Structure formats: C-alpha cells, structure tokens
Amino acid sequence: MNRANASTLPKPAPRTSDPSVLAEEIVERLTYRIGKNATAAKSHDWLAATILVIRDRVIDRWIASTQKTYEDEGKRVYYLSLEFLIGRLMRDAVSNLGLMDEMRDALALLGVDIDVIRELEPDAALGNGGLGRLAACFMESMATVDVPAYGYGIRYVNGMFRQEMSDGWQVELPETWLAHGNNWEFERREASYEIGFGGTVELAAADGSGDHARHWKPHDRFIATPYDTPVVGWRANRVNTLRLWTAQPIDPILLDAFNAGDHIGALKESNRAEALTRVLYPADSTAAGQELRLQQEYFFSSASLQDIVRRHVQYFGDIRTLPDKAAIQLNDTHPAVSVAELMRILIDLHNIDFDEAWDITRRTFGYTNHTLLPEALESWPVPLFERLLPRHMQLVYAINAKLLIQARREHHFEDAAISAISLIDESGDRRVRMGNLAFVGAHSINGVSALHTELMKETVFADLHRLYPDRINNKTNGITPRRWLFQCNPGLTTLIREAIGDAFMDDSEALVALDGVADDAAFQEKFAAVKHANKIVLSNLLRDRMGLKIDPSAMFDTQIKRIHEYKRQLLNIIEAVALYDQIRSHPERDWVPRVKLFGGKAAPSYHNAKLIIKLANDVARVINHDPAVQGLLKVVFIPNYNVSMAEIMMPAADLSEQISTAGMEASGTGNMKFGLNGALTIGTLDGANVEMRDHVGAENIMIFGLTAAEVAAKRAEGYKPRPIIEQSRELSQALAAIASGVFSPDDRNRYAGLVNGLYEHDWFMVAADFDSYSAMQRHVDGIWTDKADWYGKAIRNVAHMGWFSSDRTIRQYASEIWGVL
Ligand code: 26Q
C-alpha cells in the first residue's frame, strides 16, 4: 500500500473555543451535515448540530489517546459488561471538555437555549440499575485517571423499558433511544467478526500439533459489528472507547427461498440476528434463564474476545504475552462464558496446549461479583449449554476435571466441598454455575463493598475461597463526581469553589476542607439556599408533569432505586401509613412537613414488586387527598425513574433512604450520590453504608436496625414475625389498614397477600426493623427542627464523600488487579 509519510499529511486546523467560532461551526454542521438552514431548523436539528461540533472536538483527543497507547506499548483494560447505563452524553462531554460557558454563549448567539435542547437528548438506558450505572461511572473515571480502556457491551435497540402508570400500576413500554439517530457513535464494519452457535465438534486435523485442539463447526452463524462511542474524561485528558456490538445476518436475504416465493422465510436469518441484540433483559436480581439471554452473553463475549486477541496479535505478535498487555474485567457473571471462549481461541485457533492456555486465561481475567442473592446467581441447564455451545461445554468439563482433581488430591477436599466448588451444580437438574466458572478462570475476584466482600468469603464462595485464599479482594464502589456533582448540581459546585477553592475538582478528597465551614452560619445559609433552589426545580417539574403541588420547604425524603423486596420500599410505605395515623391522632404536635418521594422500576415478571408500586400510588392518593394531613405529609411515586431523573432528584433530596435488609445490598451507589449532594442518610448497616458511616462519622448518619450478623442469627434460630408485629401497636395498625383495604376500596383484598406474607415469613425482616426505623425517623424530625444541626451534618456528609469517587475505585482496580498505572 502506498501511503504518504505521516508528517507530510495535512493536519486538521487547531480549534478555538471562542463562542462566535463555535456558533459558526454549529451553523456549518446544520447546513452541510443535516441539510437545513437556521430558519428551518427545529430544536432536534440544533441538538444534532451541536453534538456534531462537540464530537469533532472529542475526536481530536480520541485519536491522540489511541496513538499514545499504541506508542507506549502499554497494557490495555477491557471492561466487559452486558450493561452500560450512560444516560445523556451532551452535558457530560461539554463539561469535561471545559466548554460549558462557551457552548451556552455560542447557542445563545443563534437564539438557542442549551438547557432546552439538552433535554431532547434521549437517555442511553442500556442497563437496569446499579451494575450498569457503575460501568458508566467506571468508563468516565478510566478516561479521567488515564487508564487506556475499552468498554465492551451490546448496542441494544431497545434499552430499559419506559415505565408509565396506568391507574397506579406499572406498564412497560419499549424505549426507542435511537429513533432520531445517534450522533455520538461510529459504525466500524471493518472490525466485524463471525459468531457461531450449535453444530458439532470434531478432532482437529491430525498434524501432530496441539493435542487438545478441536474443530467446531457451528450450525448457526451471525456477524457482530461494532459501534464505537468516545468516552471523555475530566479535562479531556484521555478519550477511551465504548464498543457496542450489534448482530447481523450472514445472508441478509435467503435468495433461494425468496425466488421460490417464500418471502417471509427468506428473511428468517435477518430476523434471528435482529432479535439477538434487540432488547435488554429488564431483570436486575433474578437470573432469567432464557435461551436468548445465553445467546446474548456468548455473542458479545465472543465478539469482544476475538477483537481483543486480534488487536493483541496485531500489535505484539505473540498471543502468549496476552496477560502482560491485556486485563479483562468481567462485570458480574454475565460475560463469564468468556473464560471458555478464550480457552477455545487459545487451544483450537492458536494451538496452545491446555495447561498453558489455562495459565494465560487465568492471568488475563478478573471477575467482579455484585450479588449474593441465590436467585440472582446465574446458572444454565447443561443440555441448553451443550446444544448452543458444544465446544465450550467440553472445555467447562475439562476445566472442572482439573479443578476437582486438584482440590481432592492436593487439598483433600471432601464430597460436600467438592460439590460446592464444582462448575456443575448437580443438586437438581444439572446446571453450569457461571459464578464458579468466573471464579476459577480469574486471578482476582472482588466484591463491591467491605461487608459484601467478607460475606462472599463466608457464604457463596466459602469453599473456593478456602482453595484459593488470595484471590478474593474488595474494591468499594464509587461514583463520578463530574456527573453526580459538577453537572447535576452547578449551584452547590459554585458554592464549594467559593468556600474552599478548586482543588476538589481534580481531587475529590479535598472536599474535606468543607469541615472547616460546616458550622459556619453564613455558609450554612448559602448551602440551604442552594438546596432550596434545587427543590424548587423538582417541585416545578412535578407540578408540570404530574399536576402536583409540593412545598419546597418540606423535607424531601427520597427512595429511588429498582423496586425489590430486599430494598424494602415496603418498610418505607408502611412507615408513611403509620405516620399518617399518628398525625391524624395527634394533630396538636409539631409535625415536620415531609414529602416522601419514590421512584424505580420493577422487573416486568416480578409480581410483588409491581404490587408495591401500586401500593405506593394507592397510599399516595389517600394521603394526598386528606385535608387532615395537608401541608404535613405527601407521598409521590415518580414514574419512569432513570439517570436523567436521578440528576434532578439527587440535588433536591434532604433525606436518603438506604434501608435494605442488612447483608443483602452488595454496595449501593445511590447512597453516595445523595451524600455528595448534601442529603442525610437513614439506613441500615448494609453494603457501602457501613463505610459511609466510617467516613462521615456515626453522628452524621442515621443508622438503625439489625446488623448482617444479627439478621443471619435470627434466620438461623427461626425468625417469627407474628409476635413482633403484635407487640408493635403502630405496625399492626398500619398493616391492618393496608390489609383491610383502606387504601384500596376498589379491591379490598388487593394487599391481603402482601401483608399476610409479612405475618407468615417476612423474608426481609420488615417487622424486625420497623420500630427502630420508625423511632429513627422521629429522631430525624428532631434534627430537621434544629437547622444548624441539620446543615452542619449535611455539609459534613459532602465533605467526606470524596473517597467515594470512582476515580479512587478505578485507581485501586488499576494498581491491585490490572497492573496498570
Ligand atoms: C442475569 C441473568 C439474566 C437476566 C438478568 C440478569 C441480571 C441483570 C442485571 C442480574 C443482575 C443485574 C444487576 C445487578 C445489579 O445492579 N446489582 C447492583 O450492583 C451495584 C453495583 O455494584 C451495587 O451497588 C448494588 O448493591 C447491586 O444490587
């Protein structure tokens, strides 16, 4: 190929950030890329033109970052995740490029309000909740702390469903985030790969090399094509790549079938490919055991692994050095089949023998666990796994044999321990355990909070931990302060800069300097004014969208997260009912005005979670219409909670509800976002709440309820909720009201089963924690009444949230797991 010397090629002109230049560029994109003039342009066109201008600035840095990694011959990090919950990108990119004021002015010159067009960008909702949002925060932090990284995932056409309310019930509607196109992404057809399913496995050609190699002849084949999105770090130091795969048919149309008159059958391949990457599974805590899900997992794992190996061999020549140049992190077990896929590539395609392939594989992978809930641990029926992935099934058996023989011969494991560590669960129908596969295939296995990591060692992975005591480690989650403070809360950001300078903008732990002004009356007053302004923004939005009248001076008590029984939204709702009773019985007391805000989606097949949403709406309707509690208590369920809604609700919250049954929430990250935005936490000693208490001090966080150890002990001794409920007048009265239909006069039995479940088993110990929760809520009222006390605590929470930056988390992954930095 004849190519000009790089130094003789023309280079793009350096760009200035003068608003008038930016405005010219926007008009240029509008004209030549979108094909409209300024008078004909609609808001969507202005948004598109603006994104194209920002994107071009990002590309300069993107190319430079890729070039630098290439020249440094550095190690790359590959973050494999079935979810990336990124939300909107425009404000993130503009802010990280440091062009916020200039862009605002440029658009103003064109008569366009940046805040208006910003709202038109759809959320990229390619995730369910915490795990997906963590992946998005990590991508931003890896770019910020200069880790060369690629995120790999699926470009779902339909991301997380849109939630609407119909008579208080959740209704799921498809979300079409790509309807107006996506100007952030680049299709890379040249980096496509073939992905196979099913078929047969034969002995590889007997040429004497590689005694383990097999030849897999898949029955079905698809093409994986990537779309790349640039991810900009803070101050645009580095721009990394998020590479999302889409499935395409090998033959878009089967011409033989078409010519024979079978016009539908001719599109069969095309439709099957399209189905593969069409939807995100909307379950976040039960492993939906559907075939299509396993196909998605393998499709994206295989495409990513082929891409990683291709890049490595292209740059470094020798596949054996892979662990020195590539660190692959598995975000939960969803990409765990990658372990078998890398083994297949090494053994079958590169003729490496089994033991060496296993060594390379183990040194390359790290695995992050996000849950201990038994129903969320992934496992696949052996017959299904074998039918879809016959070669991988053989490799799983081979890995298992090596593992079990070693455990038995060298470590003298007995039968019980052998069946616990086996990759095959034989307790019922035989299943492949993806958690065990990920564990044995990785050199590092990490939990996401200190408590969760300890519980991993004691419960699900107890025997594997005994076998490999050095592998489990902790990496407490974090959040990016750019999106979750600078961008979503500019008022607070400005106030902090005025008080302590700008150091915290590059080192979030410098926020501790706020301790010095936490009790300063003048600062508290300004802090309260910022919070009040943020609450007005939310109140206005609730007025416009839901017709609600909410007093911004009431306490905003907020619980926003996926709806799940272990997260105990029910505990919060029951407490609202009990408080409602109390206010009506004692109208003479000085009640603190409260608005209880709820938001979150339920998995479509999760019956009780959907019933809890309906209950919140039923309780809201009754309480909000009762003049007896007017101005004192309101309950609001906000539909379609998503990243963009979180960006409005976090800055407007006074109280953050983190009330899961201790031992069940792996970490939580919403807890950190609230703290950083100056809310106080009411919570159990669960997940990262424990470390938040350690950082902010026990007097600044409202901890109640059983500890994880107490929960475990109670369960072991045979927990009986009925007598506990009967001893608590408040609780039994609230439950009686709910069960008897006070909030559901149209269907008095609606909640009989839900309430009965609390009397009969109460898996999540709502009854056991109710009195301590309710008492702590009244204590919170007391603090609220003393504004100096309240804001002193709120400011100290902000001051000590710096450690919970995902920059810190990523630096720990980088140095302790990945061996980069
Ligand atoms: C698995 C198989 C089939 C279909 C769906 C799934 C599936 C999908 C998503 C299972 C689980 C999830 C998501 C889990 C999740 O979000 N976990 C949360 O991760 C956060 C980040 O570490 C923690 O802060 C939360 O505590 C944890 O609940």
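Structure shown above.
Residues numbered from 1 in each chain as written. Predicted model: local features only at pLDDT ≥ 70, side-chain atom pairs only at ≥ 80, totals over all residues. Heavy atoms only, no water.

A tally of helices and strands in the chain yields 33 helices and 25 strands. Relative to the compact-globule value of 28 Å for 821 residues, the chain shows a C-alpha radius of gyration of 28 Å, a close match. Expressed along its principal axes, the backbone C-alpha trace of the chain runs to roughly 90 × 75 × 60 Å. A burial count over the chain gives 59% of its 821 residues as buried. A fraction of 77% describes how many contacts in the chain between residues 6 or more apart in sequence connect residues 24 or more apart. Total accessible area on the chain stands at roughly 31900 Å², and carbon and sulfur atoms take up 52% of it. (Helix = DSSP H or I, 4+ residues; strand = E, 2+ residues; numbered from the N terminus. Rg over C-alpha atoms; globule rule 2.2 N^0.38 Å. Buried < 20%, exposed > 50% of the residue type's maximum accessible area, 1.4 Å probe, protein only. Contact = heavy atoms within 4.5 Å. Areas by Shrake-Rupley, 256 points an atom, 1.4 Å probe, with all protein chains shown as cover.)

Quick look at the packing of aromatic side chains now. For the coordinates displayed, the defined rule picks out 24 aromatic pairs. Taking the centre distance of 6.3 Å and the plane angle of 85° together, the rings of Y367 and F461 count as edge-to-face. Separated by 94 residues along the polypeptide, Y367 in strand β14 (residues 365–368) and F461 in the loop between α17 (450–458) and α18 (462–467) bring together distant segments of the chain. By relative accessible area, F461 is classed as buried at 4%. Here the aromatic rings of F704 and Y773 are separated by 5.0 Å at their centres, their planes lie at 45°, and the arrangement is tilted. On the criterion of sequence distance, the pair formed by F704 in the loop between β25 (702–703) and α27 (708–717) and Y773 in helix α31 (residues 766–785) is long-range, its members being 69 residues apart. Taken as a pair, F704 and Y773 share a single burial class, namely buried. The rings of Y78, Y150, Y152, Y193 and W245 are connected pair by pair, giving a single aromatic cluster. (Phe/Tyr/Trp six-rings, centres within 6.5 Å; stacked < 30°, edge-to-face > 60°.)

Bringing the sheet that holds strand β16 (residues 424–425) into the picture now. Strand order in the open sheet made by the 3 strands is β15-β17-β16, with antiparallel pairing throughout. Where the open sheet ends on each side, the last strands, each with one partner, are β15 (379–381) and β16. (Pairing = 2+ DSSP bridges.)

A word on the environment of R344. Along the chain, R344 turns up in helix α11 (residues 338–349). Owing to a relative accessible area of 10%, R344 belongs among the buried residues under this scheme. When the C-alpha positions of R344 and D359 are compared, they lie 13 Å apart, and in sequence the two are 15 residues distant. For R344, the contacting residues outside a window of four places in its chain are W216, Y298, S302, L349, R391, H392 and L395.

Right, let's talk about helix α3 (residues 90–97) for a bit. In terms of burial, α3 is a largely internal element, 8 of the 8 residues being buried. By the burial criterion, the buried members of α3 are M90, R91, D92, A93, V94, S95, N96 and L97. Just downstream of α3 lies G98, where phi reads positive at about 75°.

With that out of the way, let us pick up the nonpolar core. Of all hydrophobic cores here, the largest spans 230 residues; its most connected members are F385, I574 and W818. When sequence neighbours within four positions are dropped, the list of residues in contact with F385 reads L294, V337, W380, P390, H392, M393, V396, V432 and M434. In terms of nonpolar packing, the next biggest core, distinct from the first, is built from 31 residues, I59, W62, L107 and V239 among them. (Core = buried A, V, L, I, M, F, W, Y, C linked by side-chain atoms within 4.5 Å.)

The next subject is helix α2 (residues 43–72). Owing to its 3.6 residues per turn, the α-helix brings residues three or four apart onto one side. The first and last C-alpha atoms of α2 sit 43 Å apart over 30 residues, in line with the 44 Å expected at 1.5 Å per residue. Directly after α2, the chain includes E73, whose backbone phi takes a positive value near 50°. (Expected span 1.5 Å × (residues − 1).)

For the rest of this paragraph, the subject is the site of the ligand. Looking at the ligand, there are 20 residues lining it, with D284, H370, N477, E665 and G668 nearest. N477 has a polar side-chain atom sitting 2.8 Å from an oxygen atom of the ligand. The contact in question runs from an oxygen atom of the ligand to an N or O atom on the backbone of S667, over 3.0 Å. Against a free-state accessible area of 620 Å², the protein chains account for coverage of 96% of the ligand. A total of 3 residues in the shell around the ligand trace back to one element, the largest contributor, which is helix α6 (residues 130–144). Split by residue class, the shell around the ligand holds 8 nonpolar, 7 polar and 5 charged. (Near = heavy atom within 4 Å. Polar contact = N/O pair within 3.5 Å; in protein donor to acceptor, adjacent residues only side chain to side chain. Nonpolar A, V, L, I, M, F, W, Y, C, P; charged D, E, K, R; others polar.)

Further remarks concern the side chain of T684. Looking at the element boundaries, T684 is found in the loop between β24 (680–683) and α26 (689–696). A distance of 2.7 Å separates the side chain of T684 from the backbone oxygen of S660, its partner in a polar contact. Look past the residues within four positions of T684 in its chain and what remains in contact with it is R568, Q658, I659, S660, N689, I703, F704 and D769.

Two elements in contact, α6 and helix α33 (residues 806–818), have axes whose closest approach is 9 Å; the angle formed by their N-to-C orientations is 75°. The orientation of α6 relative to α33 falls into the category roughly perpendicular. From α6, C137, F138, S141, M142 and T144 reach across to α33, where they touch S806, D807, T809, I810, Y813 and W818. Taken together, the residues of the contact of α6 with α33 sort by class into 6 nonpolar, 4 polar and 1 charged. (Axes fitted to C-alpha atoms, helices over the stretch in contact; angles between N-to-C directions. Parallel < 35°, antiparallel > 145°, perpendicular 65-115°, else oblique.)

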